[in-house]
Amino acid sequence: QVQLVESGGGLVQAGGSLRLSCTASGSIFSINNMGWYRQAPGKQRELVATITSGASTNYAASVKGRFTISREHAKNTVYLQMNSLKPEDTAVYYCNADLQRFRLLDPIRYWGQGTQVTVSS
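Below is a short write-up of the structure. (Residues numbered from 1 in each chain as written. Predicted model: local features only at pLDDT ≥ 70, side-chain atom pairs only at ≥ 80, totals over all residues. Heavy atoms only, no water.)

### Remarks on the pairing of strand E9 (residues 91-100)
Two faces make up the sheet, and in a regular strand the side chains alternate between them. By the criterion of burial, E9 is predominantly enclosed, with nine of the ten residues buried. In this structure, strand E4 (residues 30-39) lies alongside E9, joined through eight bridges in antiparallel fashion. Looking at the pairing, tyrosine 37 lines up with tyrosine 94 of E9. The pairing of E9 with strand E11 (residues 115-120) spans three bridges and is classified as antiparallel. Bridge pairing in E11 links alanine 91 to valine 117. Pairing of E9 with strand E10 (residues 108-111), which is carried by four bridges, proceeds in the antiparallel orientation. (Buried < 20%, exposed > 50% of the residue type's maximum accessible area, 1.4 Å probe, protein only. Helix = DSSP H or I, 4+ residues; strand = E, 2+ residues; numbered from the N terminus. Pairing = 2+ DSSP bridges.)

### Some points on the sheet that holds strand E7 (residues 67-72)
Here four strands make up an open sheet; going across it, the order is E1-E3-E8-E7 and the pairing antiparallel. Each end of this open sheet is capped by a strand with a single partner; those strands are strand E1 (2-7) and E7. The average angle at which neighbouring strand axes cross in this sheet is 15°, direction not considered. Where strand E3 (residues 18-26) lies against strand E8 (residues 77-82), six bridges are found, and the strand directions are antiparallel. Its bridge partner lying in E8, serine 21 is registered against tyrosine 79. (Axes fitted to C-alpha atoms, helices over the stretch in contact; angles between N-to-C directions.)

### Digging into the pairing of E8
For E8, a buried count of five out of six residues is recorded, marking the element as mostly surrounded by other parts of the structure. When E7 meets E8, the two strands line up antiparallel, connected through six bridges. In the sheet register, isoleucine 69 faces E8, and the bridge partner there is leucine 80. Hairpin connection between E7 and E8: a loop of four residues separates the two successive antiparallel strands, and asparagine 76 in this loop has a positive phi of roughly 50°.

### Here we look at the packing of aromatic side chains
In this structure the tally under the stated criterion is one aromatic pair. Ring centres of tyrosine 37 and tryptophan 111 lie 5.2 Å apart, and the angle between their planes is 70°; on these two criteria the pair is classed as edge-to-face. Here tyrosine 37 is found in strand E4, whereas its partner tryptophan 111 is found in strand E10, with 74 residues between them in sequence. On the basis of relative accessibility, which here comes to 16%, the residue tyrosine 37 falls in the buried class. Here the basic side chain of arginine 19 rests over the ring of tyrosine 79, its NZ or CZ set 4.0 Å away from the ring centre. (Phe/Tyr/Trp six-rings, centres within 6.5 Å; stacked < 30°, edge-to-face > 60°. Lys NZ or Arg CZ within 6 Å of the ring centre and 35° of its normal.)

### Here we look at the nonpolar core
Ranked by size, the top nonpolar core spans 30 residues in total, and within it Trp36, Leu80, Met82 and Tyr93 carry the most contacts. At the level of elements, E1, E3, E4, strand E5 (46-51), E7, E8, E9 and E11 are the ones that each hand at least two residues to this core. Element by element, the count of residues in this core is highest for E9, at five residues. For tyrosine 93, the residues in contact, after removing those within four places along its chain, are Glu6, Leu20, Trp36, Tyr37, Arg38, Val48, Phe67, Leu80, Met82, Gly114, Thr115 and Val117. (Core = buried A, V, L, I, M, F, W, Y, C linked by side-chain atoms within 4.5 Å. Contact = heavy atoms within 4.5 Å.)

### Some points on the environment of glycine 42
In this fold, glycine 42 is placed in the loop between E4 and E5. Spatially, the C-alpha atoms of glycine 42 and asparagine 32 are 31 Å apart, while their sequence positions differ by ten residues.

This is how it looks when you write it as structure tokens:
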């Protein structure tokens, strides 16, 4: 069994900051890419940022320069530091991880349950 649990969401005023965390637990051999997606009401889920096992990062154009993704391998944890938040950043934020449960298995993508981020104007 593998679980991804997010934390750190909440309500913040425009211009403020939040830090999201997501920790993977359970039977895990290795974790490759990790990432954050978000889904606003009435919209499709969209990529926010990803980070490889080698710490290469990729960001959506809408968050570049404001959000920073990072990870701690020893804790199986990925973070999303969100600064200069805007009302349009309001969404449910989901983390994911491409991980191997055992050495000989192919990586599978797991998702967290989501955490709400609301930015007021």
